[in-house]
Amino acid sequence: MDWGVVTGSLPDFVQGLKVCLLLLVISVATGFVLSVPLAVARVSPRRWLSVPVWLFTYVFRGTPLLVQLFVIYYGLAQFEAVRNSVLWPLLREAWFCAWLAFALNTTAYTTEIFAGALRSTPSGELDAARAYGLSGFKLYSRILLPSALRRALPQYSNEVVGMMHATAIASTVTLVDVTRVARDVYANHLLPAEAFGTAAVIYFALTFTLVGAFKLLERRFLRHLATERRAA
Amino acid sequence: MFHGYLAAILGGLSVTLSVAAVSLAVACVFGLLGAVAKMSKSRGLRWAAEAYTTLIRGLPELVLMLFIFYGGQILLNAITESQGWDTIDVPPFAAGVLTIGFIFGAYLTETFRGAILAIPRGQTEAAQAYGLNRRQVLTRIVLPQMVRHAIPGFANNWLVMVKATALVSIIGLDDMLHRANMAASATREPFTFFMLIALIYLTITTLSIGALWFVEKRFSLGVKAVHF
């Protein structure tokens, strides 16, 4: 190991870490905000609401994120109309395209996770809520969603960790994240262990931090299930 | 519409599919070894399998792929140099397949372990009572019954893996995405070609889901369905 290379490239890795985290936070936040209403639409008995959402999640979960990113970043520029539109200053930015692709991708997966949790609502909860006269928005915001989002927490934590790993793909569209820094360090020094090893340590630390944070959230929000789980 | 590049893209599809198929075979080998190691009596084996799955699942696929591809080459160079042999270049296909197989082997380890645990203990006890040795119990009783329980997790991993094969273009494999890239820059029609391969990936996903539905039915033949 050449520790000089590692310490010398640390400032770049810190910058890369900031890019990775920022991309993760904005994508996951957008994904969460979009997924909640989409999940409600996905489980709706009205087919004109559920079928379009199903199609959206099917397409985005059925194709590689790398290809989605390429379609948005490289592909959209093919059209004259896009290049002349008001959105072009945004759409030619790698940052914006990465955010758009990652947010849409994680929205698709998160919608299915939340929809699955909504479907597993115990029917008694729904009956009780209706008996209290709740319906429509109040039924969802007070009873169904708080309960479903809690149950979705373990799966949702997997999705967030997966998304953190997926930010490495941003390195293919000129964004200088941790993976890009590692590839540059490798190209300059031809030392794979120093370059990719450092990146691996960073990602590993991030994974464990996220997993730990979600464990704390689960302990807080799934406390009512703790005893059941021990018995099982 | 595709300026004569369609044949090249479809040629790339065969590369993508063979990467996926061979990776799956490699992943199954690593997954079975990992699952058996996790349930073995030896503490060292259990520890090694635990380290394997934890490490792999904590890192992005792309970083692992680059690490194994470039690191493996340099390790190989060091070995050949110390032995005074000629340098051996790692073919990108082998590197890609080994990396993807190694990564998804870690995920399959958990799938297979769960599936083996789902088999009632009485099955292995009965097999032992019939005088089957440990290897026979594993290959004749445990593994065939494990398949049914492993199918859902296995299907999920296959779907994720097919999409992960798009990453091999980054380490220089001439797959579908790589060819789409070339066609896109030659014709200046990137949308056409990236959209085309997105559709091909979507078709693979759809066909896989259909095929797995049949496999699941086939392996659940002797099992009573539960009707709620």
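Residues numbered from 1 in each chain as written. Chains lettered and ligands numbered in written order. Predicted model: local features only at pLDDT ≥ 70, side-chain atom pairs only at ≥ 80, totals over all residues.

Caption draft 1: Region of the structure containing the overall build of chain B. A count of helical and extended segments in chain B gives eight helices and zero strands. Listed N to C, the secondary structure of chain B is α-α-α-α-α-α-α-α in terms of helices and strands. Considering only C-alpha atoms, chain B reaches an extent of 70 × 60 × 25 Å along its principal axes. In chain B, buried positions account for 34% of the 228 residues. Looking at chain B alone, contacts between residues at least 24 apart form 75% of all its contacts between residues at least 6 apart. (Helix = DSSP H or I, 4+ residues; strand = E, 2+ residues; numbered from the N terminus. Buried ≥ 20, exposed ≤ 12 C-beta atoms within 10 Å, placed from the backbone. Contact = placed C-beta atoms within 7 Å.)

Caption draft 2: Structural detail: the overall build of chain A. Helix and strand counts for chain A come out as eleven helices and zero strands. Walking chain A from its N terminus toward its C terminus, one meets helices and strands in the order α-α-α-α-α-α-α-α-α-α-α. Based on the C-alpha atoms only, the size of chain A along its principal axes is roughly 70 × 55 × 25 Å. The proportion of buried residues among the 232 residues of chain A is 38%.

Caption draft 3: View of the environment of A:Pro37. Residue and element names in this part refer to chain A. With respect to the secondary-structure elements, Pro 37 resides in helix H1 (residues 3-42). Accessibility expressed as a C-beta count within 10 Å gives 13 for Pro 37, which makes it partly exposed. Between the C-alpha atoms of Pro 37 and Thr 107, which are 70 residues apart in sequence, the distance is 11 Å.

Caption draft 4: Region of the structure containing the packing of helix H6 (residues 134-164) of chain B against helix H8 (residues 190-219) of chain B. Residue and element names in this part refer to chain B. Two numbers describe how H6 lies on H8: the axes approach to 10 Å, and their chain directions differ by 170°. With respect to their mutual orientation, H6 and H8 come out roughly antiparallel. Note on element contacts: H8 touches H6 through Tyr 201, Ile 204, Thr 205, Ser 208, Leu 212, Val 215, Glu 216 and Phe 219, opposite Val 147, Arg 148, Ile 151, Ala 155, Trp 158, Leu 159, Val 162 and Lys 163. Looking at the contact of H6 with H8 residue by residue, the class counts come to eleven nonpolar, two polar and three charged. (Axes fitted to C-alpha atoms, helices over the stretch in contact; angles between N-to-C directions. Parallel < 35°, antiparallel > 145°, perpendicular 65-115°, else oblique. Nonpolar A, V, L, I, M, F, W, Y, C, P; charged D, E, K, R; others polar.)

Caption draft 5: Expanded view of H6(B). Residue and element names in this part refer to chain B. Its 31 residues give H6 an end-to-end C-alpha distance of only 36 Å, which falls more than 12% under 45 Å, the value for a rise of 1.5 Å per residue. Along H6, the sharpest kink reaches roughly 55°, centred on Ala 150 and followed within four residues by the proline Pro 152. Listing the buried residues of H6 in full gives Met 146, Ala 150, Phe 154, Asn 157, Trp 158, Met 161, Val 162, Lys 163 and Ala 164. Packed against the buried residues of H6 are helix H1 (6-38), helix H3 (61-83), helix H4 (92-117) and H8. (Expected span 1.5 Å × (residues − 1). Bend = angle between axes of the 7 residues up to and from the residue.)

Caption draft 6: Molecular detail of helix H8 (residues 136-166) of chain A. All names here are of chain A. With 31 residues, H8 extends just 36 Å between its outermost C-alpha atoms, more than 12% less than the 45 Å of an ideal straight helix rising 1.5 Å per residue. The sharpest bend along H8 measures roughly 55° and falls at Leu 153, with the proline Pro 154 sitting one to four residues further on. Within the span of H8, buried status applies to Ala 148, Arg 151, Ala 152, Tyr 156, Glu 159, Val 160, Met 163, Met 164, His 165 and Ala 166.

Caption draft 7: Representation of unusual backbone geometry within the structure. Phi angles above zero are rare outside glycine, and A:Leu190 is one such case at about 55°. Given 11 C-beta atoms within a 10 Å radius, A:Leu190 is considered exposed. Phi angles above zero are rare outside glycine, and B:His3 is one such case at about 50°. Its location among the elements puts B:His3 in the segment before H1.

Caption draft 8: Representation of the confidence of the model for chain B. Residues at a pLDDT of 70 or more form 98% of chain B, whose mean pLDDT is 89. If you check the scores for this complex, the pTM reads 0.89 and the ipTM reads 0.88. (pLDDT = per-residue confidence, 0-100.)

Caption draft 9: Spatial organisation of the interface of chain A and chain B. On the chain B side, the residues contacting the 30 residues of chain A number 27 residues. Of all the secondary-structure elements, those providing two or more residues to the side of chain A that touches chain B are helix H2 (47-62), helix H3 (65-75), helix H9 (178-189) and helix H10 (192-221) of chain A. For the side of chain A that touches chain B, the per-class residue count stands at 21 nonpolar, eight polar and one charged.

Caption draft 10: Structural detail: the packing of H1(B) against H6(B). Residues and elements named next belong to chain B. Their axes nearest at 9 Å, the elements H1 and H6 cross at an angle of 135°. Classed by the angle they form, the pair H1 and H6 counts as oblique. Seen along the crossing, H1 lies across H6 with a hand that is right-handed. Packed against H1, whose contacting residues are Ala 20, Ser 23 and Leu 24, the element H6 presents Trp 158, Met 161 and Val 162 at the interface. (Left-handed = near helix turned anticlockwise from the far one by under 90°.)

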